[in-house]
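Below are the chains, spelled out letter by letter.
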Amino acid sequence: MLTACGGGGSGSAPVETATTAAVLTPEQIQQIDRASARFLQRAQFSSTENEISAVRTLGVQTWLIQQMSLPPSQSAWDWMIAQGYSAIDSNNHYNNSTQANYMAWQRIMAAPDGVRQRIALALSEFFVVGTAGVQLNWPQFAMAAYWDVLANNAFGNYRTLLEEITLNIAMGEFLNTMGNQKENAATGRVPDENYAREVMQLLSIGLLNLNIDGTAIIGSNGQPEESYTQADVSNLARAFTGYLSDDSEGFFTPAGSSSRIRNVGYARRRMVLNATRHSLLEVNFLGTQIPAGADGTVALRIALDTLFNHPNVGPFFGRQMIQR
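The notes below deal with the structure included here. Owing to the predicted nature of the structure, the values given are computational and were not obtained by experimental measurement.

1. What about the overall build of the protein chain?
Stage number 1. Regarding its fold elements, the protein chain presents 13 helices and 8 strands.
Stage number 2. Residues counted as buried form 44% of the 324 residues belonging to the protein chain.
Stage number 3. Across the protein chain, the fraction of contacts at a sequence separation of at least 24, relative to all contacts at a separation of at least 6, is 65%.
Stage number 4. Approximately 15600 Å² of the protein chain is accessible, and the part contributed by carbon and sulfur atoms is 52%.
Stage number 5. Here the protein chain carries 21 positive and 27 negative side-chain charges, and the mean point of each set is 2 Å from the other.

Now the structure itself:
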C-alpha cells in the first residue's frame, strides 16, 4: 500500500513502503493523492480520480509495471483507416497532411495506453520528423506509421528502434535517406550527408564525447572533445545510399488526373535497398571500417551497430529521455 510521500517539492513522487496496518488520516491521503497526481502527469497525460486511486492502492512501481505490460492499443495507422482517411474519393486524402495532427492528438488524449503514448511523444521529440518535411503521397499515413514505430518500441531496445526509424519512410523523406544515391565522379555527385550528420548529432551520440554522467569530456587542450568529424559524416553517408520507397502495393490514378499515386500501404513499409544506387566505397567512421564492396544491408548493420555501441549513447539518449 502507498503510505508515504517524497519531500513535497514539485518533482516529488509517491514512495511505497511495506506498512499495511497503519490507518491514514484524511490529510495523509490528500498528501499522497497530490503526489500521485504529480506522478501521473509525468507518466502519462491524465490524473483522474480513478487513476489516482489506483496509484494510491497499488503503489507507483506496481502501477507502472502494469501499464508497461499493456499491449499496444489500436495503432495510429488503424485509427486513420477507421476515420476513412484512406478512401480514394473527391477529398483527395492522399495529399492531406493535416490529418496527421488529428492522429497525434487522438493518441495523446484518447489512447488507453497512456504511458506508452507518453514515451512515444518523448521519442518523437528526439527522433524528430516534421510533417512539413514529408511531401510524399499519403503524408498523414506516413506520420501515423512513424508514430507506431515509436509506440511499438517505447519499452524496447534502442538498437531496434534506431534501425526502424532509419528505414521509416517519413524519416527517409525528412532527412533525405530516401533517394540518396552513391557518388558519381562524372557529374560530381556525392552522397547526401543529411542523415549521416543528424543520426550522430541528434539521434545517437551528440556533438561532444561524454562522461557517463552526461558531462563533456575535456581534452588535453582544455576544451571539450568533439565526438565526430566532417570526415566521419562524409564516410558514413555512403552507408545510407540506395534506399527507396517500397512500391510493391502498386499505384492508382485519381479521377480526372493522369498522375500515378502510390497506394496507401507503401507508407508503412520500410524503405528497400536498390543495390545499383548504393555506394561500394570503403567507409571509415568513428574508428570503424566498412570494407569496400560491402552489401548495403551489411553496411547499414555495421553503421548502426557502431552508433549503438558508442559510449555516448547511454548518457546522451538517457538524459534527454529523463528531461522529457
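2. Structural notes on the nonpolar core
Stage number 1. Counting 72 residues, the largest nonpolar core has F127, V199, M200, L236 and I290 as the members making the most contacts within it.
Stage number 2. Among the elements that line this core, the one with the most residues is helix α7 (residues 139-152), at 10 residues.
Stage number 3. For F127, the residues in contact, after removing those within four places along its chain, are Y146, L150, Y158, L161, L162, I165, M171, L203 and F317.
Stage number 4. Listed in part, the 9 residues of the second largest apolar core include F39, L40, I52 and V55.

3. Description of empty space enclosed by the protein
Stage number 1. This model, assessed by the stated rule, comprises 1 cavity of 30 Å³ or more.
Stage number 2. Put simply, the largest cavity is a space of about 30 Å³.
Stage number 3. Lining the largest cavity we find R238, A239, H278, S279, L280, L281, V283, I290, P291, A294 and A299.
Stage number 4. In terms of residue class, the lining of the largest cavity is made up of 8 nonpolar, 2 polar and 1 charged.

4. Quick notes on the environment of S97
Stage number 1. Within the element layout of this structure, S97 appears in the loop between α4 (76-82) and α5 (99-110).
Stage number 2. Once the C-alpha coordinates of S97 and Q140 are considered, the two residues, 43 residues apart in sequence, prove to be 4.7 Å apart.
Stage number 3. Excluding anything up to four places from it in sequence, S97 contacts T131, P139 and Q140.

5. Considerations on the packing of helix α1 (residues 26-43) against helix α6 (residues 114-124)
Stage number 1. Following both chains from N to C, one finds α1 and α6 inclined at 55 degrees, their axes separated by 8 Å at the closest point. By the criterion of interaxial angle, the relationship of α1 to α6 is oblique. Residues Q41, R42 and A43 of α1 touch α6, and the partners they reach there are G114, V115 and R118.
Stage number 2. Here the contact of α1 with α6 is built from residues that sort into 2 nonpolar, 2 polar and 2 charged.

Calculation notes
- Residues numbered from 1 in each chain as written.
- Predicted model: local features only at pLDDT ≥ 70, side-chain atom pairs only at ≥ 80, totals over all residues.
- Heavy atoms only, no water.
- Helix = DSSP H or I, 4+ residues; strand = E, 2+ residues; numbered from the N terminus.
- Buried < 20%, exposed > 50% of the residue type's maximum accessible area, 1.4 Å probe, protein only.
- Contact = heavy atoms within 4.5 Å.
- Areas by Shrake-Rupley, 256 points an atom, 1.4 Å probe, with all protein chains shown as cover.
- Lys, Arg positive; Asp, Glu negative; His and termini not counted.
- Charge placed at Lys NZ, Arg CZ, Asp CG, Glu CD.
- Core = buried A, V, L, I, M, F, W, Y, C linked by side-chain atoms within 4.5 Å.
- 1 Å grid on protein atoms, 1.4 Å probe; cavity = no way out; pocket = protein on both sides within 12 Å on 5 of 7 lines; lining within 4 Å.
- Points joined across faces, edges and corners; volume = space filled by probe spheres on them.
- Nonpolar A, V, L, I, M, F, W, Y, C, P; charged D, E, K, R; others polar.
- Axes fitted to C-alpha atoms, helices over the stretch in contact; angles between N-to-C directions.
- Parallel < 35°, antiparallel > 145°, perpendicular 65-115°, else oblique.

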